[in-house]
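# Structural features, examined
Here is how the chains run, residue by residue.
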Amino acid sequence: MSGGLAVRTENVTVRFGGVPAVDGLDLRLAPGKIHGLLGRNGSGKSTLAALLAGFRRPDEGRVLIEGGDLGAARSPYEDAVVTSRICLIRESGDLYDQAPVKRILDYAASLRPYWDHDLAGELLDKFEVPVGKRVQKLSRGKRSALGVVLGMASRAPLTIFDESYLGMDVPSRELFYDALLADYAEVPRTILLSTHLVSEVSALLEEVVILDRGRLVTQAPVDTLRGRGASLAGPAAAVDELTSGLAVLAAQRLGGTKSVTVLGDLDDALLAKARSAGLEVGPVGLQDLFVHLTAPALSKEGNR
Ligand SMILES: Nc1ncnc2c1ncn2[C@@H]1O[C@H](COP(=O)(O)OP(=O)(O)OP(=O)(O)O)[C@@H](O)[C@H]1O
């Protein structure tokens, strides 16, 4: 195992009927990290995931995959060696409905150079996926779980989950997040999680890419994004006084207590004042930031 592949896109555009789904995208994904690909519905996440996996070719620009045993940068499109090292699991599953689960697993094992048979078995047990059943007889949640098993056991140096776990219920998704983190710690690789379940996955992510209408809104380490604002909670009057004049992303009031999320650098004097007033100060929530950065009014102003 290589520790993960790096990804580079250069001015990549894909259009459907003349309308860009991905629009002049310049992106870099560092190897060996868990990246979040966040965006509202229709922002281009699935189109980008398909480009990175070599499922489609850009209309303009280049997609390049490099590192690990591949060495120099190569386009994934129609390159069997590159694509054998990339695993894209989509919500649809791309599974052959008539085949029993067991046959799907054997097929995946034959295609995937880093396939881990034991991990596949452990995960199938964990998610209680019946291996003797045909795929078409599985519930939506079990199909999603099978997709997750295929993605994880592939141990592909670039593994992309495109909202593939949405069909799973909350406890199963929690199991997935825990299993992914544990396995990633054991076998580091480049993982891209495309999702709009921002709050759920935020603890997993090291880097975040936010798309809006096919364009890059921002790309940054999670900690840098969280440092773009702060959350303040405590007595409502003190919160109001300290945050007047700041851009408030979200506010919640419960009796005399208020909690707000504000954007912008909070200087040390203000933070000291907040703490001495008994307020709890924390980083900004990724979800609040995501909602703010992809809000339609701001996007129209070109606030990217
Ligand atoms: N095969 C296609 N034919 C026509 N338009 C398409 C096709 N695939 C995607 N689009 C359009 O491209 C845009 C981006 O779609 P895409 O599926 O990449 O977004 P997404 O962020 O994955 O959305 P969601 O979160 O809803 O799955 C949308 O406007 C969508 O309607």
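So, how was this worked out
- Residues numbered from 1 in each chain as written.
- Predicted model: local features only at pLDDT ≥ 70, side-chain atom pairs only at ≥ 80, totals over all residues.
- Helix = DSSP H or I, 4+ residues; strand = E, 2+ residues; numbered from the N terminus.
- Rg over C-alpha atoms; globule rule 2.2 N^0.38 Å.
- Buried ≥ 20, exposed ≤ 12 C-beta atoms within 10 Å, placed from the backbone.
- Axes fitted to C-alpha atoms, helices over the stretch in contact; angles between N-to-C directions.
- Parallel < 35°, antiparallel > 145°, perpendicular 65-115°, else oblique.
- Contact = placed C-beta atoms within 7 Å.
- Nonpolar A, V, L, I, M, F, W, Y, C, P; charged D, E, K, R; others polar.
- Left-handed = near helix turned anticlockwise from the far one by under 90°.
- Core = buried A, V, L, I, M, F, W, Y, C linked by C-beta atoms within 7 Å.
- Domains from an automatic or database assignment.
- Arc of directions from axis to C-beta.
- Pairing = 2+ DSSP bridges.
- Near = placed C-beta within 6 Å.

Here the focus is the overall build of the protein chain. Helix and strand content of the protein chain: twelve helices and 14 strands. Computed over the C-alpha atoms, the radius of gyration of the protein chain is 21 Å, within 12% of the 19 Å expected from 2.2 N^0.38 for a compact globule of 304 residues. On the principal axes, the C-alpha backbone points of the protein chain span a range of 65 × 45 × 35 Å. Buried residues in the protein chain amount to 38% of all 304 residues.

Their axes nearest at 12 Å, the elements helix α5 (residues 140–154) and helix α6 (residues 170–186) cross at an angle of 5 degrees. When the axis of α5 is compared with that of α6, the two are roughly parallel. For the pair α5 and α6, the contacting residues are G141, A145, V148 and M152 in the first and S172, F176, A179, L180 and D183 in the second. Residue composition of the contact of α5 with α6, grouped by class: six nonpolar, two polar and one charged.

So, on to the packing of helix α4 (residues 117–126) against α5. Geometry of a packed helix pair, given as the angle between the helix axes and the separation of the axes. For the pair α4 and α5, interaxial distance at closest approach is 9 Å and the crossing angle is 155 degrees. Classed by the angle they form, the pair α4 and α5 counts as roughly antiparallel. When you trace α4 past α5, the crossing you get is right-handed. Across the interface between the two elements, L119, A120, L123 and L124 from α4 touch V149, M152 and A153 from α5. Residues belonging to the contact of α4 with α5 are distributed by class as follows: seven nonpolar, no polar and no charged.

Within soluble globular proteins, side chains that are nonpolar generally end up buried alongside one another. Counting 74 residues, the largest nonpolar core has L48, L52, I86, V149, I160, I210 and L232 as the members making the most contacts within it. When residues of this core are assigned to their parent elements, the largest contribution, seven residues, is made by α5. Shared between two domains, this core takes at least three residues from each, and those domains are domain 1 (6–221) and domain 2 (229–283). Contacts of I210, omitting those with residues within four sequence positions, involve L38, G39, V217, T218, F290, L293 and T294.

Domain boundaries assigned for the protein chain yield domain 1 (6–221) and domain 2 (229–283). The straight-line distance from the C-alpha centre of domain 1 to that of domain 2 is 38 Å.

Turning our eyes to something else, we now look at helix α9 (residues 236–243). The complete set of buried residues in α9 reads V239, L242 and T243. An end-on view of α9 places all buried positions within 90 degrees of arc, on one side of the element. Away from its buried face, by an angle of more than 90 degrees, α9 presents the exposed residues A237 and E241. On its buried face, α9 sits against β11 (229–235), β12 (247–254), β13 (257–263) and α10 (268–276).

Turning next to unusual backbone geometry. In this structure, E163 is a non-glycine residue whose phi angle is positive, near 50 degrees. Its place among the elements puts E163 in the loop between β7 (158–162) and α6. Even without a glycine there, the phi angle at R213 is positive, about 45 degrees. Structurally, R213 can be placed in the loop between β9 (207–212) and β10 (215–221). On the neighbour-count criterion, R213 (18 C-beta atoms within 10 Å) is partly exposed.

In this sheet, strand β2 (residues 19–29) lies alongside strand β1 (residues 6–16) in antiparallel orientation, the contact comprising seven bridges. Within β2, the position partnered with T9 by the bridge is L27. What sits between the antiparallel neighbours β1 and β2 is a turn of two residues, in which G17 has the positive phi angle 55 degrees.

This paragraph deals with the site of the ligand. Around the ligand, the neighbouring residues are F16, A21, G39, N41, G42, S43, G44, K45, S46, T47 and H196. Looking at the shell around the ligand, the element that brings in the most residues is helix α1 (residues 45–52), giving three residues. A per-class count over the shell around the ligand returns two nonpolar, eight polar and one charged.

Moving on to the sheet that holds β11. With respect to topology, four strands assemble into an open sheet ordered β12-β13-β11-β14, the strand pairing being antiparallel. Each end of this open sheet is capped by a strand with a single partner; those strands are β12 and β14 (280–283). Ignoring strand direction, the axes of neighbouring strands in this sheet form an average angle of 15 degrees. With respect to the sheet, α9 is in contact with β11, β12 and β13, its orientation differing from that of β11 by roughly 145 degrees.

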